[in-house]
Amino acid sequence: MKASVTKPETGTAGDIPGYFGSASIYSRDEIPAEAFSAVDEYVAAHPGGHERLIPVLHCAQSVAGYLPFELQDHIADLIGLSPVQVYEVVSFYHFFSTTPKGQYQLKVCMGTACFVRHAEHLIDAIQTETGLVPGQLSEDRVFGLELVRCIGACGLAPAIMVNNEVHGNLDRNMLRRLIKRLRNKARAKAAADPGDRAAGKETVA
Amino acid sequence: MIAATDLVTDAGARVPRLSVRICAGTGCVAMGSLRLADRFREEIRQRAAAATVETTPCQGDGRVSITGCHGFCAAGPLVKIPELGLMYCRVQERDVPEILTAGFDARPVDRLLFHDPADQSPCKGESDIPFFRKQLRRTLALCGEVDPESIDDYIAHGGYEALRKALREMTPAGVIHEVKRSGLQGRGGGGFPSGLKWQFVAEAEPGERFVICNGDEGDPGAFMDRSVMEGDPHAVLEGMAIGAYAVGASRGFLYVRAEYPLAVERLRLALRQARERGFLGDAILETPFNFDISIVEGAGAFVCGEETALIQSVEGKRGMPRPRPPYPAVHGLWSKPTLINNVETFASVSGIIAHGAEQFASVGTRLSKGTKTFALTGKVNNIGLVEVPMGITLREIVFDIGGGIPDGREFKAAQIGGPSGGCIPAAFIDAPIDYTSLQSLGAMMGSGGLVVMDDSTCMVKVARFFMEFCAEESCGKCPPCRIGTQVMLNILKRICEGKGEPDDIEHLESLGEHIRSSSLCGLGQTAPNPTLSTIRHFRSEFEAHIGGRHCPAHECNALLTFSIDEERCSGCTLCAKACPSNAISGELKHVHHVNQDLCIHCGACLTACNQGAVVAL
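Residues numbered from 1 in each chain as written. Chains lettered and ligands numbered in written order. Predicted model: local features only at pLDDT ≥ 70, side-chain atom pairs only at ≥ 80, totals over all residues. Heavy atoms only, no water.

Re the overall build of chain B
Thought 1: Assigned secondary structure in chain B consists of 23 helices and 21 strands.
Thought 2: In terms of overall dimensions, chain B is globule-like: its C-alpha atoms have a radius of gyration of 27 Å, near the 25 Å expected for 617 residues.
Thought 3: Projected onto its principal axes, the C-alpha coordinates of chain B cover approximately 85 × 70 × 40 Å.
Thought 4: A burial count over chain B gives 60% of its 617 residues as buried.
Thought 5: Only carbon and sulfur atoms are counted for the fraction: they give 51% of the accessible area of chain B, which is about 23300 Å².
Thought 6: Positive and negative side-chain charges in chain B, numbering 61 and 74 respectively, have mean positions lying 3 Å apart. (Helix = DSSP H or I, 4+ residues; strand = E, 2+ residues; numbered from the N terminus. Rg over C-alpha atoms; globule rule 2.2 N^0.38 Å. Buried < 20%, exposed > 50% of the residue type's maximum accessible area, 1.4 Å probe, protein only. Areas by Shrake-Rupley, 256 points an atom, 1.4 Å probe, with all protein chains shown as cover. Lys, Arg positive; Asp, Glu negative; His and termini not counted. Charge placed at Lys NZ, Arg CZ, Asp CG, Glu CD.)

Now the structure itself:
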């Protein structure tokens, strides 16, 4: 099961383990309960029709970090759509993700300005350091790599975003150092709070 | 100069009043401008606390505020001291005490001023900096001037006067007439005359109608709309309200990319403020006109910039376009007549109403009026946001405003219009930039991304980049776009990998023509443009890749020869370890060598080396 966590986020609905089967690859207790209540509250506070779907999905993802199918089903029930009508929207928009993100989600900007200034070297460097390909999540869930379209920080090209923070004017070596720094930070955090991460990892399988 | 702004304290001492304006556009924020603002506030607070009337004049007003993007992102974080007419570049937190001390003495800190690269002379303020000198900032006039989080600041700069004038002194038809006379064209790319669009909506079947502002700026390498929404959000709201009055709508939607969280936040705040002050809501400015706006966040789909796709997205569906006609002006959101304009278009409207169509049309060319904002990026010294009159030449933008190409390299081309546009080669650098002349060169205005490329940029790779973008962003509804872009992408990839075939160029051209003529929406119809225009202007580069198996810009790995510079190699073995085909040999602390027979051109050694010793030619 753990192997499927690192599956790139592409392909059709049929490729997604668990969706047409009975069990999701993530156990239910991994989805924070607040995500369900946040969605309930949002829908109650915003009367309306199907046009609420995208805002509700934003709300759900902002709490849960991604959109697990249980949550999608729940949203479908709430606003009177079938699950597939929700999934077709989730799968259409890049912003929505059906897989969890890394503790440090590395978003490499693939806008034109970054492309002209060799963003692909940054991807190479991340791959060398972490072994990730775009769309993947590292097994320890510390790093996730994704390619994003222009983050609008063209003045800082080539740039990446780590979670919501922009790091600009990078080259291979600076990026290498950044990743090492983040990895040490994650290790320090895990050491300070050992139960949490280690246990979290085991329950995935 | 200080005397004019002196404050007199209770004790009768004169202290100078200074304000500090810190750019809080995305570029500057990423460089730490918000922390800088806190540092300024803290420093001023400390000084004020420690001050006595005799010893220091630091009790001055000391207002520290943030502003929208000044556009000069390359030199961020930017700090302005308006009373002294100063603009500081690349300000660090440790510079704060010096700036304040010098400021209260009414002198500049020379080392933090921008220095003209031509003669190294310091430039005091915006008017001296070459980057600003050739610009004509109208839509962006208040961006970098007003505090985007304060409606009072906007009103103090004449904000909402245009709305007042429209509602109280003009009829809806009069507003449309004025916009028509100004010659304003849609700034989102197509360049359709805005006044005419407004008229179509106004004349559509009576009943409910909507206004939508398209802030789904998906073009990679463009951030004009972002800067306007973040820096001058009220201008967008005011423009939408005027548009709504002209076409008779009472509900508006502002569609913003979810990737722009700061813009969403500032627009939300601006909406709240505008409602509180009665510029939105019921009975606006004591007239019978009612109008309110909702913000809709996108979710990351380039195709949603297309108006019919955007409408689908607002309705909560997959953003897939539908055939036009019927146009949204007749059959739009929830099948009602809908006015859709781009952010920059709406932001231009208040100026037209307030100052009249003549002033707007006084600059520009015969067919394209007014000014246009561009996001100037890529291989250019002064990266940033610029606003120039229509008809300016590319040379003026790249060299006078942009400060030329870094590292003394040569200008090769500029890509205008993103994935829908095309490349303008060095030969046409003196062509005037307006809607029509760009079209004749095979490019298009697009939303205003302007990416400069130097002689180390491979044009085949650029074509591949944009095709990759379009293939990925194709919504999949119509086959010419869904399949055609993929086939073109495969050919371009093959060429970059050194596996090009003799008739590839002709194939690309004929495929491009078919996709252009048979796709459903603007995305597909323009997707071949970047490829076709690079073939048109840089055919020899394609031929070198295919026939000569050679990349003139030394960018395509598969066509390069990797070797190791003996002078630089430190013998660290990193490259040998990274090489997947064991093509690199050498002992620790000895110069390494590449065995060309084993090399698979993956470029791993180039990535691995931290001495810059791997040479790829």
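A short note on the packing of helix α10 (residues 233-247) of chain B against helix α11 (residues 261-276) of chain B
Residue and element names in this part refer to chain B.
Thought 1: Two numbers describe how α10 lies on α11: the axes approach to 9 Å, and their chain directions differ by 55°. Of the possible angle classes, the one that applies to α10 and α11 is oblique. The chirality of how α10 crosses α11 is right-handed. Contacts from Pro-233, His-234 and Leu-237 of α10 reach α11 at Arg-266, Leu-267, Ala-270, Leu-271, Gln-273 and Ala-274. (Axes fitted to C-alpha atoms, helices over the stretch in contact; angles between N-to-C directions. Parallel < 35°, antiparallel > 145°, perpendicular 65-115°, else oblique. Left-handed = near helix turned anticlockwise from the far one by under 90°. Contact = heavy atoms within 4.5 Å.)

What to know about the state of the cysteines
Should the sulfur atoms of two cysteines be covalently bonded, the bond is a disulfide.
Thought 1: Applying the stated criterion to the full structure yields zero disulfides over all chains.
Thought 2: Among the cysteines around Cys150(A), which has no disulfide bond, Cys154(A) carries the closest sulfur, lying 3.8 Å off.
Thought 3: Cys23(B) provides the cysteine sulfur closest to Cys28(B), a residue in no disulfide bond, and the two sulfurs are 3.6 Å apart.
Thought 4: Classification of Cys28(B) as buried rests on a relative accessible area of 3%. (Disulfide = S-S within 2.5 Å.)

Observations regarding the domain arrangement of chain B
All names here are of chain B.
Thought 1: Taken domain by domain, chain B consists of domain 1 (6-131), domain 2 (151-361), domain 3 (371-454), domain 4 (459-547) and domain 5 (560-616).
Thought 2: Its C-alpha centre places domain 2 at a distance of 27 Å from the equivalent point of domain 3.
Thought 3: Here domain 2 meets domain 3 over a buried area of about 1400 Å², counting both sides, of which 59% is carbon and sulfur.
Thought 4: Its residues placed into classes, the side of domain 2 that touches domain 3 shows five nonpolar, seven polar and three charged. (Domains from an automatic or database assignment. Buried area = accessible area lost by both parts, 1.4 Å probe. Nonpolar A, V, L, I, M, F, W, Y, C, P; charged D, E, K, R; others polar.)

Details of the environment of Glu259(B)
Residue and element names in this part refer to chain B.
Thought 1: Structurally, the position occupied by Glu-259 is in the loop between β10 (251-256) and α11.
Thought 2: Here Glu-259 falls in the partly exposed class, since its relative accessible area comes to 24%.
Thought 3: For the pair formed by Glu-259 and Gly-218, sequence separation is 41 residues and the distance between their alpha carbons is 9.6 Å.
Thought 4: Non-local contacts of Glu-259, meaning those with residues more than four positions away in its chain, are made with Arg-226 and Gly-300.

Observations regarding the interface of chain A and chain B
Thought 1: Taken together, the 37 residues of chain A in the interface contact 53 residues of chain B.
Thought 2: When chain A packs against chain B, close to 3700 Å² is buried across both sides, 61% of that on carbon and sulfur atoms.
Thought 3: Taken together, the links from chain A to chain B amount to two salt bridges.
Thought 4: A salt bridge links Glu472(B) to Arg149(A), with the shortest nitrogen-to-oxygen separation between them at 3.4 Å.
Thought 5: Here chain A and chain B share 17 residue pairs in polar contact (both at pLDDT 80 or more) between them.
Thought 6: Put simply, the parts of the chain that give the side of chain A that touches chain B at least two residues each are α3 (53-64), α5 (83-92), α6 (112-116), α7 (119-130) and α8 (172-192) of chain A.
Thought 7: A total of five residues in the side of chain A that touches chain B trace back to one element, the largest contributor, which is α7(A). (Salt bridge = Lys/Arg side-chain N within 4 Å of Asp/Glu carboxyl O. Polar contact = N/O pair within 3.5 Å; in protein donor to acceptor, adjacent residues only side chain to side chain.)

Quick notes on the sheet that holds β10(B)
Residues and elements named next belong to chain B.
Thought 1: If you trace the four strands from one edge of the open sheet to the other, you get β11-β10-β9-β12, paired in parallel fashion. Strand pairing shows two members of the sheet lacking a second neighbour, β11 (292-297) and β12 (338-342), which therefore form its edges. Strand after strand, the sheet turns through a mean of 20° between neighbouring axes, direction not considered.
Thought 2: Two elements, strand β9 (residues 210-215) and β12, share five bridges in a ladder whose sense is parallel. The residue bridging Ile-212 from the neighbouring strand is Ile-340, located in β12.
Thought 3: Packing of α10 onto the sheet brings it into contact with β9, β10, β11 and β12, and relative to β9 it is tilted by some 150°.
Thought 4: Relative to β10, helix α12 (residues 307-314) is tilted by about 105°, and along the sheet it contacts β9, β10, β11 and β12. (Pairing = 2+ DSSP bridges.)

Quick notes on helix α18 (residues 479-496) of chain B
Residues and elements named next belong to chain B.
Thought 1: Spanning 18 residues, α18 covers 25 Å between terminal C-alpha atoms, matching the ideal 26 Å at 1.5 Å per step.
Thought 2: Among the residues of α18, Cys-481, Gly-484, Thr-485, Met-488, Leu-489, Ile-491, Leu-492, Ile-495 and Cys-496 are the ones counted as buried. Taken around the axis of α18, the buried residues stretch over an arc of 165°, which confines them to a single face.
Thought 3: Considering only its buried residues, α18 is in contact with α17 (459-473), α19 (504-518), α20 (522-526) and α21 (529-546).
Thought 4: At the C-terminal side of α18, Gly-498 shows a positive phi close to 80°. (Expected span 1.5 Å × (residues − 1). Arc of directions from axis to C-beta.)

Quick word on the side chain of Lys372(B)
Residue and element names in this part refer to chain B.
Thought 1: Topologically, Lys-372 is positioned in strand β13 (residues 371-378).
Thought 2: Judged by relative accessible area, which is 1%, Lys-372 ranks as buried.
Thought 3: Among the polar contacts listed, one links the side chain of Lys-372 to the side chain of Glu-344, at a separation of 2.8 Å.
Thought 4: The residues touching Lys-372, leaving out its near neighbours within four places in the chain, are Arg-187, Glu-344, Val-386, Glu-387, Val-388, Met-390, Met-445, Gly-446, Ser-447 and Gly-448.

So, the sheet that holds strand β3 (residues 19-23) of chain B
Residues and elements named next belong to chain B.
Thought 1: Spatial ordering of the open sheet is given by β4-β3-β5-β6, a layout of four strands whose pairing is mixed. Every interior strand has two partners, whereas the edge strands, β4 (63-67) and β6 (86-88), have only one. When strand polarity is set aside, the average angle formed by the axes of neighbouring strands in this sheet is 20°.
Thought 2: Where strand β5 (residues 79-81) lies against β6, three bridges are found, and the strand directions are antiparallel. Bridge assignment links Ile-81 to a residue of β6, and that residue is Leu-86.

Here's the deal with the environment of Gly391(B)
Residues and elements named next belong to chain B.
Thought 1: Relative to the helices and strands, Gly-391 resides in the loop between β14 (384-389) and α15 (394-401).
Thought 2: Taking relative accessible area as the criterion, Gly-391 reaches 23% and is therefore assigned partly exposed.
Thought 3: With 310 residues separating them along the chain, Gly-391 and Ile-81 place their C-alpha atoms 33 Å apart.
Thought 4: Once you skip the residues sitting within four places of it in the chain, Gly-391 turns out to touch Thr-365, Pro-432, Ile-433 and Asp-434.

Some thoughts on a positive patch on the surface
Thought 1: A contiguous patch of positive charge on the surface is contributed by Arg177(A), Arg181(A), Lys185(A) and Lys189(A).
Thought 2: Within the fold, Lys185(A) resides in helix α8. (Patch = residues over 30% accessible without salt bridge, like charges linked within 9 Å, V, L, I, M, F, W, Y side chains within 5 Å.)

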